[in-house]
Amino acid sequence: MSKVRLEIKNMIQNSIDKTNVKKEEEHSYKIDSIVNLDLIRDLTDDKEITDMLISKTTSLINLQIKNAISLGEIFTSVFDKLSKSGSKYDGLYEKWLQLNGVNKKTALRYRKRYELYSIVNNKEAIAIMPQKYVDLLYSEEDKAEYINIINNGGTYEEVVNLLKDKTAIPEKIEYNNIIDFDFRNCNTLFVDIDKKIENLKEKDKKELQKYIMKIQEILK
């Protein structure tokens with residue numbers, strides 16, 4: 001095994017063995033705010049079965065939350081180590097992700113959550129926050145203001161509502177000749193979409209994200 005791969009292996013093992021991850025595994029999150037448990041209760045009138053399904057749903061979602069934090073810590077540890085080790089490791093992080101079958105954007109999402117999670121006192125607010133709001137908070141110019149709200153006891157719902165208000169798009173938008181618009185031409189907009197987004201300024205990326213979220217709501 002090469003020295004570089006051995007270093008990466010050791011970093012991953014150290015991340016997994018850290019005390020805060022062990023503590024994370026012992027914590028159980030309340031899922032009522034992120035899952036509509038009434039939908040499970042409506043599945044059957046058998047209370048024993050309902051209680052079992054709710055219990056397993058709670059276990060499943062808690063496992064997903066904890067895994068997301070643990071993966072975020074691993075990706076952050078490797079990224080930080082390699083980025084601080086000089087130009088000899090340029091591009092190695094991406095190659096390492098590929099070898100492990102991990103998409104670069106997926107790893108970035110985990111890192112964003114973990115980085116926010118690691119700097120707040122109310123860790124549950126970040127742990128259970130939907131990813132689209134984690135992305136918004138991470139790129140927010142006034143991120144410190146939101147972190148202070150969380151550290152002062154603010155719940156994830158309160159922070160999400162503040163982000164919604166700040167990124168709200170007017171419901172009524174006037175377009176000329178909207179009836180004549182040919183939606184079939186939308187396909188051309190998505191050619192090389194990744195490169196187009198990467199070349200945008202941060203301000204424009206945030207603006208684009210707001211409209212994508214609006215489109216997602218309309219197409220549900």
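In this text, all values refer to a predicted model and were calculated from it rather than measured experimentally. (Residues numbered from 1 in each chain as written. Predicted model: local features only at pLDDT ≥ 70, side-chain atom pairs only at ≥ 80, totals over all residues. Heavy atoms only, no water.)

A. A look at the overall build of the protein chain. Helix and strand counts for the protein chain come out as 12 helices and zero strands. Order of helices (α) and strands (β) in the protein chain, N terminus to C terminus: α-α-α-α-α-α-α-α-α-α-α-α. For the protein chain, the proportion of its 220 residues judged to be buried stands at 30%. Across the protein chain, contacts joining residues at least 24 apart in sequence account for 64% of those joining residues at least 6 apart. For the protein chain, the accessible surface area stands at approximately 15300 Å², while carbon and sulfur atoms represent 52% of it. (Helix = DSSP H or I, 4+ residues; strand = E, 2+ residues; numbered from the N terminus. Buried < 20%, exposed > 50% of the residue type's maximum accessible area, 1.4 Å probe, protein only. Contact = heavy atoms within 4.5 Å. Areas by Shrake-Rupley, 256 points an atom, 1.4 Å probe, with all protein chains shown as cover.)

B. Broad picture of the side chain of Arg 111. Checked against the element boundaries, Arg 111 lands in helix H6 (residues 104-117). For the buried Arg 111, no salt bridge is present, and the opposite-charge side chain at shortest range is Glu 115, 4.1 Å distant. Among residues more than four places away in sequence, those in contact with Arg 111 are Gly 72, Phe 75, Thr 76, Phe 79 and Tyr 93. (Lys, Arg positive; Asp, Glu negative; His and termini not counted. Salt bridge = Lys/Arg side-chain N within 4 Å of Asp/Glu carboxyl O.)

C. The pattern of salt bridges, seen in detail. Scanning all chains against the criterion turns up three salt bridges. Salt-bridge contacts for Arg 41 lead to Asp 38; the nearest nitrogen and oxygen are separated by 2.9 Å. Of this pair, Arg 41 and Asp 38 both sit in helix H3 (residues 37-41), separated by three residues, roughly a single helical turn. Judged by relative accessible area, Arg 41 falls into the partly exposed class, the value being 40%. Notably, a salt bridge pairs Asp 51 with Lys 47, separated by 2.8 Å at the nearest N-O pair. Within this pair, Asp 51 and its partner Lys 47 are both found in helix H4 (residues 47-83), separated by four residues, close to a single helical turn. Relative accessible area serves as the criterion here: at 59%, Lys 47 is assigned to the exposed category.

D. Quick look at the environment of Leu 136. If you trace the backbone, Leu 136 turns up in helix H8 (residues 131-139). When its relative accessible area of 3% is taken as the criterion, Leu 136 is described as buried. Each C-alpha atom of the pair Leu 136 and Val 160 lies 9.4 Å from the other, and the pair is 24 residues apart in sequence.

E. Structural detail: the environment of Tyr 110. Here Tyr 110 lies in helix H6. When its relative accessible area of 27% is taken as the criterion, Tyr 110 is described as partly exposed. For the pair Tyr 110 and Ile 74, spaced 36 residues apart in the sequence, the C-alpha separation amounts to 9.2 Å. Non-local contacts of Tyr 110, meaning those with residues more than four positions away in its chain, are made with Ala 68, Leu 71, Gly 72 and Phe 75.

F. Quick look at H6. For H6, spanning 14 residues, the distance from its first C-alpha to its last is 20 Å, which sits close to the expected 20 Å at 1.5 Å a residue. Regarding H6, the residues found buried are Ala 107, Arg 111, Lys 112, Arg 113, Tyr 114, Leu 116 and Tyr 117. Structurally, the start of H6 carries an N-cap: the backbone nitrogen of Lys 105 is 2.8 Å from a side-chain oxygen of Asn 103. (Expected span 1.5 Å × (residues − 1). Polar contact = N/O pair within 3.5 Å; in protein donor to acceptor, adjacent residues only side chain to side chain.)

G. Spatial organisation of the confidence of the model for the protein chain. Taken residue by residue, the protein chain gives an average pLDDT of 79. The fraction at 70 or more is 75%. In the model of the protein chain, helix H2 (residues 19-26) stands out as the element of lowest mean pLDDT, 47, in contrast to H6, which has the highest, 95. Confidence over residues 19-25 falls short of pLDDT 50; this stretch has 12 contacts with residues more than four positions distant or in other chains. Within the model, pLDDT remains below 50 along residues 175-179, and this stretch shows zero contacts once partners closer than five positions in the same chain are excluded. (pLDDT = per-residue confidence, 0-100.)

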